[in-house]
Amino acid sequence: MVQKKSLVHGTVFSKIIFGKLASIGIILLPLMIFHAIQLLIISTVASRMSRKNITE
């Protein structure tokens, strides 16, 4: 089963957990950066794996 990550779902859950906390942006910023970096790394790995499978 494939799992999808969604930053939108994370921000909705953070509103539920933290309520109207003023510093929610500071809490979410590292998570958003981590999510973007993770997507870039995974796309690079997937691209390399697909090229490797084509040449074999």
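To be clear, the structure that these remarks concern was listed above.
Since the structure is predicted, the reported quantities are computational estimates derived from the model, not experimental observations.

Undergrad: Can you walk me through the overall build of the chain in this structure?
TA: If you tally the helices and strands in the chain, you get two helices and zero strands. The burial tally for the chain puts 5% of its 56 residues in the buried class. Total accessible area computed for the chain in this model is approximately 5300 Å², and 72% of it derives from carbon and sulfur atoms.

Undergrad: In this structure, what is going on with a nonpolar patch on the surface? I would like to understand it.
TA: There is a patch of nonpolar side chains on the surface, built from Val8, Val12, Phe13, Ile16, Ile17, Phe18, Leu21 and Ile27 and spanning about 770 Å² of accessible area. Sorting elements by how many residues they give to the nonpolar patch places helix H1 (residues 7-18) first, with six residues. Inspection of the secondary structure puts Val8 in helix H1.

Undergrad: How should the environment of Thr44 be read in this particular structure?
TA: By the secondary structure assignment, Thr44 is in helix H2 (residues 24-55). Looking at Thr44, the relative accessible area reads 39%, which means it is partly exposed. Within the structure, the side chain of Thr44 is placed 2.9 Å from the backbone oxygen of Leu40, a separation counted as a polar contact.

What counts as what
Residues numbered from 1 in each chain as written. Predicted model: local features only at pLDDT ≥ 70, side-chain atom pairs only at ≥ 80, totals over all residues. Heavy atoms only, no water. Helix = DSSP H or I, 4+ residues; strand = E, 2+ residues; numbered from the N terminus. Buried < 20%, exposed > 50% of the residue type's maximum accessible area, 1.4 Å probe, protein only. Areas by Shrake-Rupley, 256 points an atom, 1.4 Å probe, with all protein chains shown as cover. Patch = residues over 30% accessible without salt bridge, like charges linked within 9 Å, V, L, I, M, F, W, Y side chains within 5 Å. Salt bridge = Lys/Arg side-chain N within 4 Å of Asp/Glu carboxyl O. Polar contact = N/O pair within 3.5 Å; in protein donor to acceptor, adjacent residues only side chain to side chain.

Distances and angles like these do not, on their own, reveal function.
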